[in-house]
Amino acid sequence: MLYVAVAAGAFRRYATYRAATAAGLATNTVFGFLLAYAYLALWQQRPHLGGYGPAQALTFVWTGQALLAVALIAVGGVDELQERIRSGDIAVDLHRPADLQLWWLAADLGRAALQLIGRGIVPLAVGALAFPLALPADPATWGWFLLSALLGVVVSFALRYLVALSGFWLLDSSGLALISALAGMFFSGMVLPLRVFPGGLADLAQLLPWAALLQVPADVLTGARTGTGLLRGLLFQAAWAAALLALGRLVQAAATRKVVVHGG
Amino acid sequence: MADRPGGRLPVLRDALTGYALLAWMQVRSALAYRTSFVLMALGNFAASGLDFAAIALMFAHVRALGGYALPEVAFLYGTGSLALGLADLLVGSLERLGARIRDGTLDTLLLRPAPVWAQLAADRFALRRLGRVVQGLLVLVWSTGHLDVDWTPGRVLMVPLMTVCGAVIFGAVFTAGAAFQFWAQDAAELQNALTYGGNALLRYPPTVFARDLVRSVTFIVPLAFVNWLPALWLLGRPYPLGLPGWTAFLSPAVAALMGAGAALAWRHGLRAYRSTGS
Amino acid sequence: MSAGSAGPLIELDGVEKVFTVRRRAGRLRRTRHEVRAVDGLTFQVPRGEMVGYLGPNGAGKSTTLKMLTGILVPSGGRLRVAGLDPARDRLRLARRIGVVLGQRTTLWWDLPLADSYDLVRRMYRIPPAVFRANLARCTELLGLGPLLDVPVRQLSLGQRMRGDLTAALLHDPEVLYLDEPTIGLDVVSKATVRTFLRELNTERGTTVVLTTHDLTDIEQLCRRVMVIDHGRLVFDGDLAGLRAAADGERTLVVDLARQLPPIDGVPGARTVRVEGPRQWLAFPAGHSAAPLVAAIAARYPLVDLSVREPDIEALVADLYARGGAARPQPGDEAPASP
């Protein structure tokens, strides 16, 4: 099938960036250590902060580093789509028989799969060696985590796709991309778990789409979400994924009309 | 021209002229896309602001972190961010060296009568990077108003001194990281571990971290001299490794040493490029 | 003005450039081997000359240019430009040379053309009077006047090339290096650039070294041609000499009234290709085509004919296959000189 081939192609392409992957791993590991020590200092004084024990908090840190390249920064990702919209080459793509959104989703999933292997495993392993982590022994929990991470990547893609499409109306969408990436860092739980945010902000942040990127997958892995909580988390992610992909289709249709009317 | 061969001063003048000219052209080019420029400047300001928001959120739950109160942590945050922000503003675009080697445009810089290092440092000069500088400065000013410190002239002078030395130390890391790209062109992200990672480290008090980590950033990659050592002297706190008091004043020497080391690495890298081509 | 004004402007003596290339051999193993990109080049270029520097891709042309400008350091031999060692005195040399790389602009993409020139003026510290005079002359000869306020990104390839040429000349360089200056340009731009270069060389005495694939560039501009292959100089002389040295063959293309078997029995020529009523005959470059035409017209129903010159690539290829079975390809439509 076409989209499987697209995903496999993206996987192979990102596999060739070895030096970049190694450099990224070094950065992930350094930041993992720093945050881990800061969290330790925090949880020493408040051992049950946000409902996490110290081991769970540390696991949260290293899960964040493992998913950083996969779902948060998404190195590469839809940059090329952004560039094609800016240069106007996108007009050609819109007339292809393949669906634009599915094509880029497939490519992004291929990228995410490679980066999960290349930049996800090592930080978790380093973290587990250096600190007492609360990693699950039960394979089913790992399975739920992978599903949750996959949904997180889809939500992340749907958001980045919308930002890229804004390039049809804005002269240069890189400013918006930066703002959106920042919102992602803050409201995904990357700088601090959302449950640790004060009162109302914590509740609000856990309803926003960015919570699907890290907060939910990390909660699944640390065992903070089980049973119905786990199910609710996955449904939350799936709902945002569906809503944002649908919105992406609407915007895509509008963009196509615009290109057709203006002749590219 | 009347330059005597080997004269240092003309080279310095060429470097400054080249830097100023290219930086100015960059600023004017960026203003060609006004909306994006404003959004990027705001984004940069917000990006560093979020870091501090995370710390503030932590202090919503505790009164002290590693034994340090919020104004003290804010002081560490402000001095570290200001130093990194200045280095990033002035020489941060050195990280584009690898990209320039890959697309072959480093050669056009080598044809101009100004040192390549200065040209590259100005290559993507962007006023939007002022965002971090301004944000660091704001936090620093706020913290000085809330610190319980006797502001003797020595302590007051220490603040600009450590800022300048810190900026030089981070600038040396940027330079050394770029020099490494002469050999590994797509390893631009590696230096982030030391620059942005270093900044993330220095905003927390050293008491938070394991001894070995503190030792390695004191003796191996001496980032601790950006703010930890001088700031802890200023705050009247003991440095965890039990170093003698005068080490708090070593930042200028460390900055000079790291600058010299980075310059050597750069020369070595440039020579390797020019003898192997791309 | 300069110490080296008495001797030749450019001097190479046994210049070499050896690259070490690492290749992946298998999963982890890597093998190193040496590539001699430039292998013992020796030549001189006196002041005021205009030289064409030719060779197939990968022959060492751009490596030579990079050594002449100080970008690359030679692995061996001696190299002097205007009395300076380019690699050691790169910054000082930069003020005395001009370089235009055909496919790579040095102009500022988002800013008006004039702003790029102002940058050059300040960076090279060009005295205002010199700058004004040079800019006025270049903009007039190259027709850039109306374009000075236009952002570079809106210029056509030909306009940008002329813009780059001006930028390279504002500081009165003693030598101008051009890498493929006319590649991709339209006919009018090509002609303008050529006329300009000729004027620059004859009126102002600027030394010019250019690489090109375009035979017309060489024919119209250069009295001297150097050919390099595998890092070695294989020819140094004028274009006629190159044709003779290459033992090149010209091609006579004849259109007959109808399809016929290959023409034979014409002394000094052999039929190399037949396509319907059209036939191609190769004959030595040094010979006149007239007797051939007469011989063919006497025996065959001749409708039309033309003579094709071998193109540069073919000449250069012949130079290596000297004595071999190389033959000119019916390539570019060079002016059919009688």
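Residues numbered from 1 in each chain as written. Chains lettered and ligands numbered in written order. Predicted model: local features only at pLDDT ≥ 70, side-chain atom pairs only at ≥ 80, totals over all residues. Heavy atoms only, no water.

1. Description of the overall build of chain B
Phase 1: Counting its secondary structure elements, chain B contains 13 helices and zero strands.
Phase 2: Its C-alpha atoms put chain B at 60 × 45 × 35 Å along the principal axes.
Phase 3: Counting across all 278 residues of chain B, residues that qualify as buried make up 55%.
Phase 4: For chain B, the share of sequence-separated contacts (at least 6 apart) that also reach a separation of at least 24 residues comes to 77%.
Phase 5: Carbon and sulfur atoms provide 67% of the accessible area of chain B, an area that totals close to 11,400 Å².
Phase 6: Between the centroid of the 22 positive side chains of chain B and the centroid of its 14 negative side chains there is a distance of 4 Å. (Helix = DSSP H or I, 4+ residues; strand = E, 2+ residues; numbered from the N terminus. Buried < 20%, exposed > 50% of the residue type's maximum accessible area, 1.4 Å probe, protein only. Contact = heavy atoms within 4.5 Å. Areas by Shrake-Rupley, 256 points an atom, 1.4 Å probe, with all protein chains shown as cover. Lys, Arg positive; Asp, Glu negative; His and termini not counted. Charge placed at Lys NZ, Arg CZ, Asp CG, Glu CD.)

2. Notes on the pairing of strand E7 (residues 207-211) of chain C
Residues and elements named next belong to chain C.
Phase 1: With respect to burial, E7 is a largely interior element, five of its five residues being buried.
Phase 2: With burial as the criterion, each face of E7 is covered, one bearing Thr 207, Val 209 and Thr 211 and the other bearing Val 208 and Leu 210.
Phase 3: In terms of strand pairing, strand E3 (residues 50-54) meets E7 through four bridges, oriented parallel. Among the inter-strand pairings, Met 50 is bridged to a residue of E7, identified as Val 208. (Pairing = 2+ DSSP bridges.)

3. What to know about a positive patch on the surface
Phase 1: On the surface, a cluster of positive charge is contributed by Arg 18 of chain A together with Arg 22, Arg 30 and Arg 32 of chain C.
Phase 2: Owing to a relative accessible area of 55%, Arg 18 of chain A belongs among the exposed residues under this scheme. (Patch = residues over 30% accessible without salt bridge, like charges linked within 9 Å, V, L, I, M, F, W, Y side chains within 5 Å. Salt bridge = Lys/Arg side-chain N within 4 Å of Asp/Glu carboxyl O.)

4. Describing the pairing of strand E11 (residues 270-275) of chain C
All names here are of chain C.
Phase 1: Sheet topology note: the E11/strand E12 (residues 278-284) ladder contains five bridges and is antiparallel. Considered in E12, the bridge of Thr 271 is made with Leu 281.
Phase 2: Between E11 and the antiparallel strand that follows it, E12, lie two residues; Gly 276 among them carries a positive phi value of about 60 degrees.

5. Notes on the nonpolar core
Phase 1: Ranked by internal contacts, the top residues of the largest apolar core, which has 221 residues, are Leu 106 and Trp 228 of chain B together with Ile 10, Tyr 117, Leu 165 and Leu 197 of chain C.
Phase 2: Other than its neighbours up to four places away in sequence, Ile 10 of chain C contacts Phe 43, Gln 44, Val 45, Leu 68, Arg 80, Val 81, Val 175, Tyr 177 and Val 209 of chain C.
Phase 3: By size, the runner-up hydrophobic cluster in this structure holds 16 residues, among which are Leu 94, Trp 104, Ala 255 and Val 259 of chain A. (Core = buried A, V, L, I, M, F, W, Y, C linked by side-chain atoms within 4.5 Å.)

6. What to know about the side chain of Gln 279 of chain C
Phase 1: With respect to the helices and strands, the residue Gln 279 of chain C is situated in strand E12.
Phase 2: Separated by 3.2 Å, the side chain of Gln 279 of chain C and the backbone oxygen of Leu 260 of chain C make a polar contact. (Polar contact = N/O pair within 3.5 Å; in protein donor to acceptor, adjacent residues only side chain to side chain.)

7. Overview of a nonpolar patch on the surface
Residues and elements named next belong to chain B.
Phase 1: A contiguous nonpolar surface patch, about 380 Å² in accessible area, is contributed by Phe 45, Leu 127, Leu 130, Val 134 and Leu 138.
Phase 2: Per element, the largest residue contribution to the nonpolar patch is three residues, and it comes from helix H7 (residues 130-146).
Phase 3: Among the structural elements, Leu 127 can be located in the loop between helix H6 (116-121) and H7.

8. A word on the environment of Pro 10 of chain B
Residue and element names in this part refer to chain B.
Phase 1: One can find Pro 10 in helix H1 (residues 8-30).
Phase 2: Given a relative accessible area of 24%, Pro 10 falls into the partly exposed group.
Phase 3: Each C-alpha atom, one on Pro 10 and one on Ala 118, is 14 Å from the other, the two residues being 108 residues apart in sequence.

9. Here we look at the sheet that holds strand E6 (residues 175-179) of chain C
Residue and element names in this part refer to chain C.
Phase 1: In space, the six strands of this open sheet follow the order E5-E6-E7-E3-E8-E9, with mixed pairing throughout. The sheet terminates laterally at strand E5 (97-101) and strand E9 (232-237), the two strands that pair on one side only. Strand-to-strand, the axes of this sheet are offset by a mean angle of 15 degrees, without reference to chain direction. (Axes fitted to C-alpha atoms, helices over the stretch in contact; angles between N-to-C directions.)

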